[in-house]
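Residue strings, one per chain:
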Amino acid sequence: MVTKTISSLFLAGTVEITVIAVLAVAVVAVGVLCFFLGRRMYKNATDKKLGEVNQRISKMLEDAEGECKALKKEAILEAKEQDLKLRNEFERDTKEKKNELQKLEQRLIQKEDNLDKKEDALQKKNDALEQQQKNLVRQEGEVKKMQEKINHQHDLMIQELEKVAQLTKDEAKRLLTENIMDETRHDVALQVRNIEQQAKDEADTNAKKIISLAIQKCASDHASEITVSVVPLPNDDMKARIIGREGRNIRALENATGIELIIDDTPEVVILSGFDPVRREVARISLEKLIGDGRIHPARIEETVEKVKKEMDQQIKENGESAMFEVGIFGLHPEIIKLLGRLKYRTSYGQNVYKHSIEVAQLAGMMAAELGLDVNLAKRAGLLHDIGKAVDHEQEGTHIQIGADIAKKYKESNNVINAIQAHHGDVEPKTIEAVLVQAADAISGARPGARRETSTNYVKRLEQLEGIASGFKGVDKCYAIQAGREVRVIVKPEQIDDAQTLFLAKDIAKKIEQELEYPGQIKVNVIREFRSVEFAK
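Residues numbered from 1 in each chain as written. Predicted model: local features only at pLDDT ≥ 70, side-chain atom pairs only at ≥ 80, totals over all residues. Heavy atoms only, no water.

## So, the packing of helix α9 (residues 375-384) against helix α11 (residues 414-422)
Item 1. At a closest axis distance of 9 Å, the pairing of α9 and α11 adopts a crossing angle of 45°. One element, α9, and the other, α11, form an angle in the oblique class. Viewed along their axes, α9 and α11 form a crossing whose handedness is right-handed. Contacts between α9 and α11 involve Leu377, Arg380, Ala381 and Leu384 from the first element and Asn415, Val416, Ala419 and Ile420 from the second. (Axes fitted to C-alpha atoms, helices over the stretch in contact; angles between N-to-C directions. Helix = DSSP H or I, 4+ residues; strand = E, 2+ residues; numbered from the N terminus. Parallel < 35°, antiparallel > 145°, perpendicular 65-115°, else oblique. Left-handed = near helix turned anticlockwise from the far one by under 90°. Contact = heavy atoms within 4.5 Å.)

## Notes on unusual backbone geometry
Item 1. With a phi angle near 55°, Glu246 is a residue other than glycine that sits in the positive phi range.
Item 2. Within the secondary structure, Glu246 sits in the loop between α3 (237-243) and α4 (248-257).
Item 3. Residue class for Glu246 comes out exposed when judged on its relative accessible area of 71%.
Item 4. Positive phi outside glycine occurs at Lys411, with the angle close to 65°.
Item 5. With respect to the secondary-structure elements, Lys411 resides in the loop between α10 (399-409) and α11. (Buried < 20%, exposed > 50% of the residue type's maximum accessible area, 1.4 Å probe, protein only.)

## Some words on the side chain of Arg346
Item 1. Turning to its location among the elements, Arg346 is positioned in the loop between α7 (334-342) and β4 (347-348).
Item 2. Within the structure, the side chain of Arg346 is placed 3.2 Å from the backbone oxygen of Lys389, a separation counted as a polar contact. (Polar contact = N/O pair within 3.5 Å; in protein donor to acceptor, adjacent residues only side chain to side chain.)

## Re the UniProt feature "transmembrane region" (unreviewed entry) in the protein chain
Item 1. Under the UniProt annotation, "transmembrane region" (unreviewed entry) lies at residues 17-38.
Item 2. In residues 17-38, helix accounts for 100% and strand for 0%; the two terminal C-alpha atoms are 31 Å from one another. (UniProt positions renumbered as here; feature names shortened; annotations may be inferred.)

## Considerations on helix α5 (residues 277-293)
Item 1. Here α5 is 17 residues long and its end C-alpha atoms lie 24 Å apart, about the 24 Å a rise of 1.5 Å per residue gives.
Item 2. What α5 keeps buried is the set Pro277, Val278, Arg280, Glu281, Val282, Ala283, Ser286, Leu287, Leu290 and Ile291.
Item 3. Gly294 occupies a position one or two residues after α5 and carries a positive phi of about 90°. (Expected span 1.5 Å × (residues − 1).)

## Description of a negative patch on the surface
Item 1. A grouping of Glu112, Asp113, Asp116, Glu119 and Asp120 is seen on the molecular surface, where their side chains present a negatively charged patch.
Item 2. Tracing the sequence through the fold places Asp113 in helix α1 (residues 2-165). (Patch = residues over 30% accessible without salt bridge, like charges linked within 9 Å, V, L, I, M, F, W, Y side chains within 5 Å. Areas by Shrake-Rupley, 256 points an atom, 1.4 Å probe, with all protein chains shown as cover. Salt bridge = Lys/Arg side-chain N within 4 Å of Asp/Glu carboxyl O. Lys, Arg positive; Asp, Glu negative; His and termini not counted. Charge placed at Lys NZ, Arg CZ, Asp CG, Glu CD.)

## Side note on the environment of Val231
Item 1. Looking at where Val231 falls in the secondary structure, it is placed in strand β1 (residues 228-232).
Item 2. Once the C-alpha coordinates of Val231 and Leu287 are considered, the two residues, 56 residues apart in sequence, prove to be 7.9 Å apart.
Item 3. Every residue in contact with Val231, bar those within four places of it in the chain, is listed here: Glu268, Val269, Val270, Leu272, Arg284, Leu287, Glu288 and Ile291.

## Regarding the pairing of strand β7 (residues 486-491)
Item 1. Sheet analysis places strand β6 (residues 475-481) next to β7, joined by six bridges and oriented antiparallel. If you follow Lys477 over to β7, its bridge partner there is Ile490.
Item 2. Looking at chain direction, β7 and strand β8 (residues 523-528) are connected through six bridges and run parallel. Looking at the pairing, Ile490 lines up with Ile527 of β8. (Pairing = 2+ DSSP bridges.)

What follows is the structure, given as structure tokens:
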């Protein structure tokens with residue numbers, strides 16, 4: 001029973017395995033069949049796509065071949081057109097060059113003809129010159145013969161005259177010269193005496209006239225130069241900003257500085273007018289800073305002016321110390337140092353007083369050293385001799401009186417005070433150092449270039465000087481030299497002899513004194529030169 005049961009179970013399992021195996025085989029067969037069917041379908045699709053691609057490629061090749069043929073035709077046409085264009089240009093250039101060559105050839109032919117004509121003309125001129133030279137040689141021989149004949153006749157006449165007068169030629173010349181010289185000396189002496197008497201009679205009047213004219217001229221130049229400063233503006237619109245609404249800005253600036261502002265029609269310029277050079281400098285610097293800053297109103301103006309005043313005080317002090325150290329003296333009172341610094345903004349007849357004082361101190365010191373005197377005293381007196389000019393616009397009196405009072409106030413020595421008082425000859429110098437300061441002051445003020453003169457006035461003065469000298473009879477050439485302090489006059493020796501040169505120099509000097517205004521003195525140098533030249537052949 002049990003055995004049957006086991007057998008039945010085994011058979012059942014065998015059947016199931018068989019079924020599974022059949023199913024597996026069936027599945028494999030179906031898979032293989034599907035694979036082959038799918039592969040065939042893929043191959044058919046691939047072949048179809050490949051056919052389409054081949055058709056497209058064939059069509060593209062045909063299109064490309066057509067385009068290539070078209071491009072080839074276009075390229076051939078373009079090449080033919082370019083070739084034709086190049087041929088035309090070549091022919092045109094060739095034709096132009098050929099025309100130019102023909103023109104050049106014609107010009108060369110024409111120039112050759114002109115050269116031939118010129119050569120013929122030159123040959124004719126040479127022939128004419130040779131003929132003229134022959135004529136001149138012939139005429140020269142005739143003139144020489146005539147001259148010999150005239151000389152012979154002249155010698156005969158002189159011999160006849162010597163027989164008649166019973167005098168030789170040299171004796172007659174000597175007697176005639178002596179007579180003329182006696183008469184000339186007498187006439188000249190009378191004329192000189194009359195001129196000197198007339199000069200003495202008119203001396204006082206002319207002196208007063210010359211002095212008054214010199215004072216008027218110097219006063220005008222002095223005031224014009226030391227009371228005016230000019231401030232340039234970037235444009236004319238800045239004038240309205242400087243004036244301000246109803247003039248409040250310009251009033252504020254004038255009140256703060258004490259300087260008058262002149263705004264007129266002069267383009268891009270403002271003029272500052274005032275007698276105090278330091279205030280004028282403060283006003284100038286303040287206005288330049290305001291223009292550069294651009295903020296111009298009363299509050300800003302007052303602030304700027306105060307700031308500039310402080311800077312100016314410091315600058316003045318530094319200027320004074322610099323002058324003291326440059327000269328090499330020490331122990332000056334601080335207030336005197338400040339006054340020295342103020343002189344840098346003061347001019348006198350166009351000369352800066354600060355530099356003038358330093359120069360006078362150095363000159364006086366050098367002269368004192370050469371003479372073995374007190375160098376420090378000479379330098380100190382020279383540096384302080386014009387100290388009164390620092391405040392002469394604020395106090396009454398001359399700068400000499402003011403300077404002496406300042407020196408007394410700050411305990412300077414009596415010798416220094418005397419040098420200050422005597423440097424213009426107002427009092428008698430008590431020391432040799434005071435005389436040296438006086439001489440150094442004159443040297444510094446009178447040396448060439450110390451006091452400014454405009455180039456126009458300088459050239460005009462030299463032209464007038466040469467014109468006066470050239471106006472005299474017998475003058476050949478004249479030159480103004482040494483900045484107009486000397487005029488050299490060259491006379492014609494055949495018209496002016498040695499004796500007449502003395503009177504000519506005196507006449508030129510007198511005319512210069514009458515007609516020309518000049519500083520110092522002018523030397524008139526009359527030169528007479530006689531040259532005899534001959535050639536040895």
